[in-house]
Amino acid sequence: MTNQNVVVSDPKSTINLAITVHVSDSSIFPTAAQKPPAAPGGYISISRKKLLKNLEINGGARINAWVDSMRASSPTHLKSTPSITDDQGSWILHHPSALDMFEQIIEASKGKQIVMFLDYDGTLSPIVDDPDRAFMSKKMRATVRKLAKCFPTAIVSGRCRDKVYNFVRLAELYYAGSHGMDIKGPAKGSKYKKGSEALIFQPASEFLPMIDEVYKELIEKTKSTPGAKVENNKFCVSVHFRCVDEKKWSELAQVVRSVLKDYPKLRLTQGRKVLEIRPTIKWDKGKALEFLLESLGFANCTDVFPVYIGDDRTDEDAFKVLRERGQGFGILVSKFPKDTNASYSLQEPTQVMDFLQRLVEWKQVSLRGQPRL
Ligand SMILES: [Mg+2]
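The following refers to the structure shown. Since the structure is predicted, the reported quantities are computational estimates derived from the model, not experimental observations. (Residues numbered from 1 in each chain as written. Predicted model: local features only at pLDDT ≥ 70, side-chain atom pairs only at ≥ 80, totals over all residues. Heavy atoms only, no water.)

1. Brief notes about the coordination of the magnesium ion
Ideal values differ by geometry: the angle at a metal is 109.5 degrees with four tetrahedral donors, but 90 or 180 degrees with six octahedral donors. Of the protein atoms, only D119 (OD), D121 (O) and D311 (OD) coordinate the magnesium ion, at distances of 2.1 to 2.2 Å. Within one chain, the residues serving as donors to the magnesium ion are arranged as D-x1-D-x189-D. With a gap of 192 residues between them, D119 in the loop between β1 (113-118) and α6 (138-150) and D311 in the loop between β10 (304-310) and α11 (316-325) connect regions that are remote in the sequence. For the pair D119 and D311, one class covers both residues: buried. (Donors = N, O, S within 2.8 Å, 3.2 Å for Na, K, Ca; no water. Helix = DSSP H or I, 4+ residues; strand = E, 2+ residues; numbered from the N terminus. Buried < 20%, exposed > 50% of the residue type's maximum accessible area, 1.4 Å probe, protein only.)

2. Remarks on helix α9 (residues 249-260)
Counted at 1.5 Å a residue, the expected span for α9 with its 12 residues is 16 Å, and the 17 Å between its end C-alpha atoms agrees. Taken together, the buried positions of α9 are W249, L252, A253, V256, R257, V259 and L260. Looking straight down α9, one finds its buried side chains confined to an arc of 160 degrees; they lie on one side. (Expected span 1.5 Å × (residues − 1). Arc of directions from axis to C-beta.)

3. Remarks on unusual backbone geometry
Phi angles above zero are rare outside glycine, and S178 is one such case at about 45 degrees. Along the chain, S178 falls in the loop between β3 (174-177) and β4 (182-184). For S178, a relative accessible area of 0% corresponds to the buried category. Even without being a glycine, K234 presents a positive backbone phi close to 70 degrees. Examined against the element boundaries, K234 turns out to sit in the loop between β6 (229-232) and β7 (237-240). What makes K234 partly exposed here is its relative accessible area of 31%.

4. Section: the pattern of salt bridges
If you walk through the whole model with that rule in mind, you get 17 salt bridges. Residue K223 is joined to E220 by a salt bridge in which the shortest nitrogen-to-oxygen separation is 3.3 Å. Taking the relative accessible area as the measure of exposure, K223 reaches 58% and is therefore exposed. Here the salt bridges do not stand alone but share partners, grouping D121, D132, R159, K163, K229 and E231 into one network. (Salt bridge = Lys/Arg side-chain N within 4 Å of Asp/Glu carboxyl O.)

5. Observations regarding the packing of helix α8 (residues 208-221) against α9
Where α8 contacts α9, the two axes come as close as 10 Å, and the packing angle between them is 145 degrees. Of the two possible hands of crossing, α8 and α9 adopt the one that is right-handed. Mapping the contact onto sequence places V214, E217, L218 and K221 in α8 and V255, V256, V259 and L260 in α9. When the residues that make up the contact of α8 with α9 are grouped by side-chain class, the tally is 6 nonpolar, no polar and 2 charged. (Axes fitted to C-alpha atoms, helices over the stretch in contact; angles between N-to-C directions. Left-handed = near helix turned anticlockwise from the far one by under 90°. Contact = heavy atoms within 4.5 Å. Nonpolar A, V, L, I, M, F, W, Y, C, P; charged D, E, K, R; others polar.)

6. With respect to the packing of aromatic side chains
In the structure shown here, the tally under the stated rule is 12 aromatic pairs. Pairing F135 with F167 gives two aromatic rings, centres 5.7 Å apart and planes at 65 degrees, and the pair type is edge-to-face. Residue F135 is found in the loop between β1 and α6, and its partner F167 is found in helix α7 (residues 161-168); the two are separated by 32 residues along the sequence. Assessed through its relative accessible area of 44%, F135 is described here as partly exposed. Ring centres 4.1 Å apart and planes at 15 degrees place the aromatic pair F201 and F291 in the stacked group. Of the two residues, F201 is situated in strand β5 (residues 200-201) and F291 in helix α10 (residues 285-295); the sequence distance between them amounts to 90 residues. Since its relative accessible area comes to 3%, F201 is described here as buried. Note on F291: relative accessible area 12%, which makes it buried. Taken together, the ring pairs connect F117, Y308 and F319 into an aromatic cluster. (Phe/Tyr/Trp six-rings, centres within 6.5 Å; stacked < 30°, edge-to-face > 60°.)

What follows is the structure in structure tokens.
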């Protein structure tokens, strides 16, 4: 069993990382270039005094930016935005459908080991109002099972590992829950990894009591907001806005922020109709991808071809890692143009299934030694 811990720097300075990073993340279409550079050790050093001043001045504006961003990621709003419809054509040119580009993708992977990374919500399952009912179809499960027989396959989700496992229920996969802060390999070992011990990695275990405390506090403080749902994802807490009246979004975001004020070691990030509270360690889906590649023995290999499919802003960290490594590529699941580091796009989970199915068929044919499709 491998247990490693990521060292957290001085807590007096970690608050600076948390909030300041997400100020720059709060625009609808953030780019990697906008993010401040990380200091050695993974933390950004800005004086506490300066930060607190920043919080007081910009707090309200930041809440509005989060709420605006969540509105923009709502399909109802995107459908009614003419400029986005106009941009669709040029966006698709830069992020063509992975189904249309299948032959080129296969060609690029020639002689390399494909490794698959799949987000869950909105990628393998549709986004539904009740996050507890985000089930994947039997057909999707069967497809992912076949995929895992062909390639090392990992599920990378914001949800806690147990929860996402209960949705997927495939023991042969790698699971990275809580945005990669809770990683576990296949229970019975893997044909891709030597040794019989299951891989386990939890870089933020010291934060567990604090996360529990914040979860309980958020449950209490959000009781008065109809539809608000607080989910404990073990290493992070999610506050879901999906069933909350949009008029109440700002108010709810303000409540979440006020709870977080007392926890400088935790930070707030925003996803699709969700605010998430996470430890301030520099760990995300991109780091989880790198860790898994390393665990699979591909740390310094040039013959690996990672493919990451996801629909959320948190998946951008993984897309960015692939771009920077110049290996494989990301596929964004979205019906609408979004600023992204992904190379290709798919519109919805049914298209993801079609793409995975084609990969499986291609692999099966190539294993039989027949000409590639
Ligand atoms: Mg997702």
